[in-house]
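Now for the letters of each chain:
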Amino acid sequence: MEKVLSRNFHHAQPLDLATYRAGGGYDSLQSIFGRDREEMVNELRASGLRGCGGAGFSTGLKWSFLAKDAPRPVYLVINLDESEPGSCKDRQVLYRDPHTIVEGVLASAYIIGADKAFVFVRGEYKVGAAKLEKAVQEARDAGLLGDNILGSGFSLDIDVHLSAGRYICGEETALLNALEGYRANPRSKPPFPAVKGLWGQPTIVNNMETVCHVPSIMHKGAQWFQGQGQNGGSGTHLFQVSGPVKNPGVFELPMGVTARELIYDHAGGLLDGRKLIAFQPGGSSTPFMTPDQLDTPMHFDAVAKIGSRLGTGGVIIMDDTICPLKYTRNLIEFYARESCGFCTPCRDGLPYLVHLFDKFELGTATAADHQTILELCGLIGPNTHCALAPGAVMPVQSALQLFDDEFKKHIAAKGCSYSPVAATASQAAAGAGVQGGHH
Amino acid sequence: MGTLYIDDQPVEFQPGDNVLDAAKRANIEVPYFCYHPALGAVGSCRVCAMETVPSREGEQPRTVMTCTLKAQDGMRFRFAQSDKAPGVSKTMVEFYMTRHPNDCPVCDEGGDCHLQNMTVEVGHAYRRFDGQKKTYPNQLLGPLVWNTANRCITCYRCVRFYQDYALGDDFGAMGSRNNVLFRRIDDGAFDSPFAGNIITVCPTGTFTDKVFRRKYSRTWMLKKSASICAHCSVGCHVEPGARAGTLRRVVPNENSAVNQYFICDRGRYAPHASEAANRPLQVKVGGQLRQEPALAVLRQALAVSDARWGVMGSAREDVVTNLVLQQLASDLNAPFTAFTDPLTEVRTKTAVNLSLSAPSLQDIEAADCILVVGELTEHAPMMELAVRQALKQGKPVMMLHAAASLLAGMVRKQRSLQAQTQAPVLWAETLQKLISSLSQEQADGWAALLKNAKAPVLLGVAEVMPTAAIKALAELAAVLGEQARVGFALPAANSFGAAQVSQAGSSEQLLEALERGDINALLVVGADPMSGWQGERWSKALAKIQHLVVVDHIHSATVQAATVVVPSATVSEHNGVFINYEGRVQSFAKAYSRETQVLLQEELIALLSGDARARVQSQLLSMLGSVMPSPGSTGSRIKPATLPIGQLAEAVLGNGPALVLQGWHGEEEVAGFATELASLTPHDSVGIAPAYAKALGLTLDKNSRLTISVHNKQLTLPVSLSAQVAEGCVAVSRRAFAELQARLGDEVKLTAAMRLSEEPAAPSVVAHFTPLQGDNSNGGLRP
Ligand SMILES: Cc1cc2nc3c(=O)[nH]c(=O)nc-3n(C[C@H](O)[C@H](O)[C@H](O)COP(=O)(O)O)c2cc1C
Ligand code: SF4
Ligand code: SF4
Ligand code: SF4
Ligand code: FES
């Protein structure tokens, strides 16, 4: 496997343009400029590249939705909002190798024929955004951005936009509203952004990592990309592991590496004396996987097959020192807090779930409450305006299945056996974050 | 057209329908909150659920929101038969109730509440949520609208009306998650003339009518009627509600051809003038209150032996009343007018003659290019709201005006350079220039926009437009051709009708007859000549006469000068017919009776001779046709013959600054007596453009004051520097006009007065609200 996204991570500082180019940076443009756009989109489809923002949608297919005679201007919007607990991959590239982003954006913009690109950066990544801004300026100064880039006839500028905050800004249509200066409420779909996006114009929204894979695919070919993966996955991916492991971090590994390799070989395994109870494979909105599923290849289809989602590939570990209910409660509290407040089931349903989980911790829950959680999850998930709330209830539904006995134990024992009630309640009030997973 | 199926029942739909529209039309009672026919669907409440019936093998049934789903032929849903969909609706309401205070017994909306109805409909009867309810701070929003934030269910209707429909920007959604609040940034009254509609669109008791609240009744106990707003020439449909002989509230009455769903704040709150403490409710003769029937007193008063009568009707009284008065005048051998001011009469009639194909509000909304001449917001608010609909769709709106106007601000914001200020005396010339540039091959600017439009609309404000400008605007429409429509906001609710009833030059003739002493007695019904544009002339003339009999329902200056005052009914208290700016004949029905002795205008007919009564009937017939529209219907439009007008000299271009009217949207003769609305009247100031002040050699800032001298009168007012006031003009309020005894276009002298540095900034047009008593008590609802 060849490192692509993290190939420059060993440098102490982000590379300046000259050094980046000396290492082959921007060479991919030679394989892109002048080539037929449709052919490149087809190659992308063949490569098996799938969206790294969580949904894993085929990037080539998404790009093919852009009508050939789409009204101008066409926009490319890069989603670098990365606010889901457990996800911290885009941050690494932003802080350590911003030219990789510029190159990815430029390559992708050329292929879709975008007139302008926006990079929407999570508000907390302010320092990183400044680094990216600097790289963009270097690229402009060198004629890699601007009018008639390298004599190709193609013109592009990149606008780096620092988000005003909140997780929901990462939902692509909420992101577009935020960029336009409106409240970050998601829009109704259809129309999809490819038809009617930023300022009503055709817009492609992609995760940062997704576009960063594009230059090498174009340079080295779809087959090369496929060969980078394992066990049925294509390409590499920036996996993340957080929680009670010895070596938490971000690892560029073949798509399809097994969970066991990822957690034990790369992240160093659990802290001494800890036992793996479950893990979320792709960020805080993904259903739990259990130790018996450790040999599952970490790629979209394999993880989906066992009933979870690869999401962003941000693994969060749950060990035997934390109450699974408390862990789940924390997740749901995060989503309740990050709800944009637009639709009823999410805005008012998630706090209701938090309340019910609190009853389990405080020892006042009954079997009826257990039943109510199950029932409400089924009514919230499929009936919201956007995908935030479905992502919020998925781990809860999974916890209900996996930890059924824990719910019952909490009812019988009138509280949590993991920690005294008083401490839990005060922690609850302080809104303690998910272990290892909150930024 | 197409057919979809709900519970196997075929449901027809129209193009553009969503599934909910179609279901509603088929009388299938789907619950909904965020959907509103005028505001559309956004899919925020998630209550309007149905279940799909899979059309293909392997497809799973899903719950879908019908309000955001476009209807397509052959779609199939389960609704009543579904075992999923009702549970979704019910659970959404259950979610609301985890925050909603369930304070229906003390809520103004109680019993007339969409949330209450839907809660019962979906069957959420018992609460299982046993947590604490979140509470939210209420906001003080001025004298008209009351906020109880806990009751909000976050359907976004209010902000969708306020921002998206009415283009307001001082109210919006703030915060996120279960902490979204619909508020202004600062406490205080709304900037928008349409703010009261958030009460109408809110499906809960979050926004309620603050005036109603102070004299509250459960709404099912109100006496209601289908009425017409009496406060401008648009003629919006309203429903007054009264109880125990007093008016409690006014709400819009839905209709398809005029104002549809909404009314302006003037229309909603001006009718409360009927409850003003100083309203004449008893007959007064020679300053003495009498316990006598109004009609008898009037009959006696008219029977005095030494009187040579004149009769004045009014453009704010209905058609029948004016016809009756005209015939009464002929019985009395007296001159008659329905206008208090000769200039207004000429302008009104000129505009009426040119209004025969005036655009309806829907035509205005659908226009692809609009030219507005004059400050439309301040004269005909709902007509202006129709303009905003076109503006919102990015259609070019151009505006020629002389004083600050809310619309002008909006036009400037959306499209630079498309609002132009100019002194009214120059408007005709500007329009003529536009006409000649239309004929040029290479029309540009406004001419190009108008020429390229498929459905251009030209709107003028008759009261402030010189007759030459009125004619030029109509000529412009004629030159543009068939597709162009021109209409005018007229000075009062029944200006169109009043114009039909009076002879050419009638007000000037009446005034002159008074001034010459030909008549020594005047009967005035529903007019206040002493406060109008010719106030000073009328005051002088009326001071000389022995008999001034005034029939009215406001404590006007003319009422105060009367020898006999006969209290009359407000529009909600009697039946009648108004003709709106388009010539649309609309009748209104009495909602309630006052328990005191007020004269119903329709009783005046008793004063007529038999012949005269017959003439009233035949005139009505020839004017309106045989079918009188029923109250609540939007009637049909009449196309009367051209009215004779006569000649009148108008102001010409002078050397010094000319006075123009700085109106505001809550202003009208009767509205001034509605306490709460009138409390929002902007502070008096003199508006002048900074550049023009400089050209006059005046150094002004926001603490400066200016003295205006006209004729022999002087008035010193704080300065309001505004680029929205035309060069060559200074803008003052109607009150200042009255005080100065000045007329539109009068030339004035300006002198800078002492600058008061300690004074707060001169107030701008935006109203400042002084809290009324009672604002601190919110019925114990504050969390
Ligand atoms: C609540 C919510 C938050 C999201 N946050 C992010 C994010 O931070 N970054 C991201 O790339 N995608 C995020 N997504 C997914 C985006 O909506 C979108 O699918 C993605 O940016 C598409 O890019 P891709 O096809 O390259 O994955 C989020 C989705 C939801 C529903
Ligand atoms: S699901 Fe949550 S985040 Fe998404 S629109 Fe509804 S309230 Fe907003
Ligand atoms: S205040 Fe009323 S209209 Fe506005 S969001 Fe709340 S419930 Fe809806
Ligand atoms: S626009 Fe005129 S008629 Fe309509 S509600 Fe307002 S004041 Fe009344
Ligand atoms: S009415 Fe359909 S979601 Fe509100």
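What counts, and where the lines are drawn
All residue numbers refer to position in the chain's written sequence, counted from 1. Here chains are named by letter from A upward and ligands by number from 1 upward, in the order in which they appear as written. Where local features are concerned, this predicted model is filtered to residues with pLDDT of at least 70; where side-chain atom pairs are given and counted, the filter is 80 or more; whole-chain, interface and lining totals use all residues. Neither water nor hydrogens contribute to the side-chain values; these are computed over all heavy atoms in the structure. Numbered from the N terminus, helices here are DSSP runs of H or I no shorter than four residues, and strands are runs of E no shorter than two. Using C-alpha atoms as the atom set, the radius of gyration is obtained and then compared with a globule rule of 2.2 Å times the number of residues to the power 0.38. Only protein chains enter the accessibility calculation, which uses a 1.4 Å probe; a residue is then buried when its area is under 20% of its type maximum, exposed when over 50%, and partly exposed in between. In what follows, residue pairs with any heavy atoms lying within 4.5 Å of each other are defined as contacts. Only four residue types enter the tally: Lys and Arg on the positive side, Asp and Glu on the negative side; His and the chain ends are excluded. Lysine's charge is taken at NZ, arginine's at CZ, aspartate's at CG and glutamate's at CD. Any carboxyl oxygen of Asp or Glu within 4 Å of a side-chain nitrogen of Lys or Arg constitutes a salt bridge here. By convention, the term buried area covers the 1.4 Å-probe accessible surface removed from two parts as they join, with the contributions of both added. Each residue gets one of three labels, nonpolar for Ala, Val, Leu, Ile, Met, Phe, Trp, Tyr, Cys and Pro, charged for Asp, Glu, Lys and Arg, and polar for the others, Gly among them. Strands are treated as partners if at least two bridges between them are detected by DSSP. What counts as an axis is a line fitted to C-alpha atoms, over the stretch in contact for a helix, and the angles between N-to-C directions run from 0 to 180 degrees. Definitions for this section: a left-handed crossing has its near helix turned counterclockwise from the far helix by less than a right angle. A right-handed crossing has that turn clockwise. Note on terminology: near, applied to a residue and a molecule or strand, indicates that one of the residue's heavy atoms is within 4 Å of it. Whenever a nitrogen or oxygen atom comes within 3.5 Å of another N or O atom, the pair is scored as a polar contact, on the condition that within protein one atom can donate a hydrogen and the other can accept it, and that pairs from neighbouring residues in sequence are kept only if both atoms are in side chains. Computed with the Shrake-Rupley method and a 1.4 Å probe, the accessible areas treat only the protein chains shown as cover for residues. Marked domain ranges trace back to an automatic or database domain assignment. Think of a nonpolar core as a cluster: buried Ala, Val, Leu, Ile, Met, Phe, Trp, Tyr and Cys residues, connected wherever their side-chain atoms sit within 4.5 Å. Pairing of aromatic side chains requires ring centres within 6.5 Å, counting the rings of Phe and Tyr and the six-membered ring of Trp. Pairs whose planes differ by under 30 degrees are stacked, by over 60 edge-to-face, and all others tilted. Throughout this description, the term charge over a ring refers to an Arg CZ or Lys NZ atom that lies within 6 Å of the ring centre and within 35 degrees of the ring normal.

Section: the overall build of chain B
Argument step 1. Counting secondary structure elements, chain B contains 25 helices and 33 strands.
Argument step 2. For 783 residues, the compact-globule estimate of 2.2 N^0.38 gives 28 Å, and chain B sits close to it at 28 Å.
Argument step 3. If one aligns the C-alpha atoms of chain B with their principal axes, the spans along those axes are about 95 × 65 × 60 Å.
Argument step 4. Within chain B, the proportion of its 783 residues that are buried is 62%.
Argument step 5. The contacts of chain B with a sequence gap of at least 6 include a subset with a gap of at least 24, amounting to 74%.
Argument step 6. Separation between the mean location of the 73 positive side-chain charges and that of the 75 negative ones in chain B comes to 4 Å.

What about the pattern of salt bridges?
Argument step 1. The tally for this structure, following the rule as stated, stands at 58 salt bridges over all chains.
Argument step 2. Between Asp348(A) and Arg99(B) there is a salt bridge; the shortest N-O distance is 2.7 Å. Remark: Arg99(B) occurs in the loop between helix H2 (85–96) and helix H3 (114–122) and Asp348(A) occurs in helix H14 (residues 344–362); the pair is interchain, linking two chains. Pair check on accessibility: Asp348(A) and Arg99(B) agree, each one buried.
Argument step 3. Note that Arg516(B) is salt-bridged to Asp518(B), the shortest N-O span being 2.9 Å.

Focus on unusual backbone geometry
One can expect most non-glycine residues to show negative phi and most peptide bonds to be in trans.
All names here are of chain A.
Argument step 1. The peptide bond linking Arg-72 to Pro-73 adopts the cis configuration, its omega dihedral lying at -10°.
Argument step 2. Position of Pro-73 relative to the elements: it lies in the loop between helix H4 (59–64) and strand E1 (75–80).
Argument step 3. Residue Pro-190 is joined to Pro-191 through a cis peptide bond whose omega torsion reads 0°.
Argument step 4. Along the polypeptide, Pro-191 turns up in the loop between helix H8 (172–180) and strand E4 (203–207).
Argument step 5. In this model, Asn-148 sits at a positive phi of 45°, which is unusual for a non-glycine residue.
Argument step 6. Secondary-structure assignment places Asn-148 in the loop between helix H7 (126–141) and strand E3 (158–162).
Argument step 7. On the basis of relative accessibility, which here comes to 41%, the residue Asn-148 falls in the partly exposed class.

Description of the interface of chain B and chain A
Argument step 1. At the interface, 31 residues of chain B touch 29 residues of chain A.
Argument step 2. Carbon and sulfur atoms supply 53% of the area buried between chain B and chain A, which totals about 2300 Å² over both sides.
Argument step 3. Ranking the residues of chain B by area buried against chain A places Phe95(B), Arg128(B) and Arg177(B) at the top, with a combined share of 27%.
Argument step 4. Residue Arg128(B) pairs with Glu375(A) through a salt bridge whose shortest N-O separation is 3.0 Å.
Argument step 5. The element best represented in the side of chain B that touches chain A is H2(B), accounting for seven residues.
Argument step 6. Its residues placed into classes, the side of chain B that touches chain A shows 13 nonpolar, 12 polar and six charged.

A short note on the sheet that holds strand E2 (residues 9–13) of chain B
All names here are of chain B.
Argument step 1. Ordered in space as E2-E1-E5-E3-E4, the five strands form an open sheet in which the pairing is mixed. Strands at the two margins of the open sheet, each flanked by one partner only, are E2 and strand E4 (63–65). For this sheet, the mean angle separating the axes of adjacent strands, direction not counted, is 45°.
Argument step 2. In this sheet, E2 lies alongside strand E1 (residues 2–6) in antiparallel orientation, the contact comprising five bridges. Paired with Ile-6 across the two strands is Gln-9, which belongs to E2.

Digging into the packing of H14(A) against H2(B)
For any two helices packed against each other, the geometry comes down to the angle between their axes and how far apart the axes lie.
Argument step 1. Here H14(A) crosses H2(B) at 65°, and the two axes come no closer than 9 Å. Considering the relative orientation of H14(A) and H2(B), their crossing is left-handed. Taking contact as the criterion, the partners of Thr344(A), Pro345(A), Arg347(A), Asp348(A), Gly349(A) and Tyr352(A) in H14(A) are, on H2(B), Met92(B), Glu94(B), Phe95(B) and Tyr96(B).
Argument step 2. Looking at side-chain class alone, the contact of H14(A) with H2(B) contains five nonpolar, two polar and three charged residues.

What to know about the environment of Thr246(B)
All names here are of chain B.
Argument step 1. With respect to the element layout, Thr-246 can be found in strand E13 (residues 246–252).
Argument step 2. With relative accessibility at 22%, the residue Thr-246 sits in the partly exposed group.
Argument step 3. Residues Thr-246 and Arg-705, 459 residues apart in the sequence, show an inter-C-alpha distance of 43 Å.
Argument step 4. When near neighbours in sequence (up to four residues on either side) are disregarded, Thr-246 contacts Gly-241, Glu-275, Tyr-592 and Arg-594.

Some remarks on the site of ligand 1
Residue and element names in this part refer to chain A.
Argument step 1. If you check the shell around ligand 1, you find 18 residues, and the closest are Gly-53, Glu-82, Asn-206, Asn-207 and Thr-210.
Argument step 2. Side-chain polar atom of Lys-62 to an oxygen atom of ligand 1: 2.9 Å apart, as the coordinates give it.
Argument step 3. Here Gly-170 contributes a backbone N or O atom positioned 3.3 Å from a nitrogen atom of ligand 1.
Argument step 4. Protein chains bury 88% of the 610 Å² of accessible surface belonging to ligand 1 in isolation.
Argument step 5. For the shell around ligand 1, the element with the highest residue contribution is E4, accounting for three residues.
Argument step 6. Residue composition of the shell around ligand 1, grouped by class: five nonpolar, eight polar and five charged.

Observations regarding the domain arrangement of chain A
How big an interface is tends to be stated in terms of accessible area lost as the parts join.
Residues and elements named next belong to chain A.
Argument step 1. As far as domains go, chain A holds domain 1 (17–227), domain 2 (236–321 + 424–431) and domain 3 (324–413).
Argument step 2. Each of domain 1 and domain 3 was reduced to a C-alpha centroid, and the two centroids are 35 Å apart.
Argument step 3. Facing 13 residues of domain 1, the contacting portion of domain 3 comprises 10 residues.
Argument step 4. In total, about 950 Å² of surface goes out of reach between domain 1 and domain 3, with carbon and sulfur atoms giving 62% of it.
Argument step 5. Our enumeration of links across domain 1 and domain 3 arrives at zero salt bridges.
Argument step 6. A class-by-class count of the residues in the side of domain 1 that touches domain 3 yields five nonpolar, three polar and five charged.

Overview of the environment of Arg249(B)
Residues and elements named next belong to chain B.
Argument step 1. Along the chain, the position of Arg-249 falls in strand E13.
Argument step 2. Judged by relative accessible area, which is 11%, Arg-249 ranks as buried.
Argument step 3. Each C-alpha atom of the pair Arg-249 and Lys-224 lies 9.7 Å from the other, and the pair is 25 residues apart in sequence.
Argument step 4. Arg-249 has contacts with Asp-112, Asp-209, Phe-212, Thr-219, Leu-222, Lys-224, Glu-239, Pro-240, Gly-241 and His-272, leaving out every residue within four places of it along the chain.

What about the nonpolar core?
As a rule of thumb, nonpolar side chains are buried together in soluble globular proteins.
Argument step 1. In this structure, Leu350(A), Leu371(B), Leu476(B) and Leu523(B) are the most contacted members of the largest nonpolar core, which totals 281 residues.
Argument step 2. If we ignore the near neighbours within four places in the chain, the residues touching Leu523(B) are Leu298(B), Leu302(B), Trp309(B), Gly310(B), Val311(B), Met312(B), Leu325(B), Leu328(B), Val549(B) and Val551(B).
Argument step 3. Of all hydrophobic cores here, the second largest spans 61 residues; its members include Ala135(A), Leu156(A), Ile204(A) and Val211(A).

With respect to the packing of aromatic side chains
Argument step 1. Summed over all chains, the structure comprises 34 aromatic pairs over all chains.
Argument step 2. When the centroid spacing of 6.4 Å and the interplanar angle of 50° are considered together, the rings of Trp224(A) and Phe225(A) count as tilted. For the pair Trp224(A) and Phe225(A), one class covers both residues: buried.
Argument step 3. By the ring-pair criterion, three or more aromatic residues cluster together here, those being Phe161(B), Tyr165(B), Tyr261(B) and Phe262(B).
Argument step 4. Above the ring of Tyr110(A), the side-chain terminus of Arg37(A) is found at 4.4 Å from the ring centroid.
Argument step 5. Note that Arg76(B) overlies the ring of Tyr5(B), its terminal NZ or CZ placed 4.2 Å from the centroid.

A word on the pairing of strand E18 (residues 369–373) of chain B
Residues and elements named next belong to chain B.
Argument step 1. Where burial is concerned, most of E18 is hidden: five out of the five residues are buried.
Argument step 2. Every second residue of E18 is oriented toward a common face, with Cys-369, Leu-371 and Val-373 on one face and Ile-370 and Val-372 on the other, all of them buried.
Argument step 3. Of the pairings in the sheet, the one linking E18 to strand E21 (residues 456–461) comprises five bridges and is parallel in character. Bridging across to E21, Val-372 finds its partner in Leu-459.
Argument step 4. Sheet topology note: the E18/strand E19 (residues 397–401) ladder contains four bridges and is parallel. Residue pairing across strands places Leu-371 opposite Met-398, the latter belonging to E19.

Topic: the domain arrangement of chain B
Argument step 1. Domain assignment breaks chain B into domain 1 (2–92), domain 2 (104–275), domain 3 (283–339 + 502–624), domain 4 (349–492) and domain 5 (658–768).
Argument step 2. Of note, the centres of domain 1 of chain B and domain 5 of chain B, computed from C-alpha atoms alone, are 56 Å apart.

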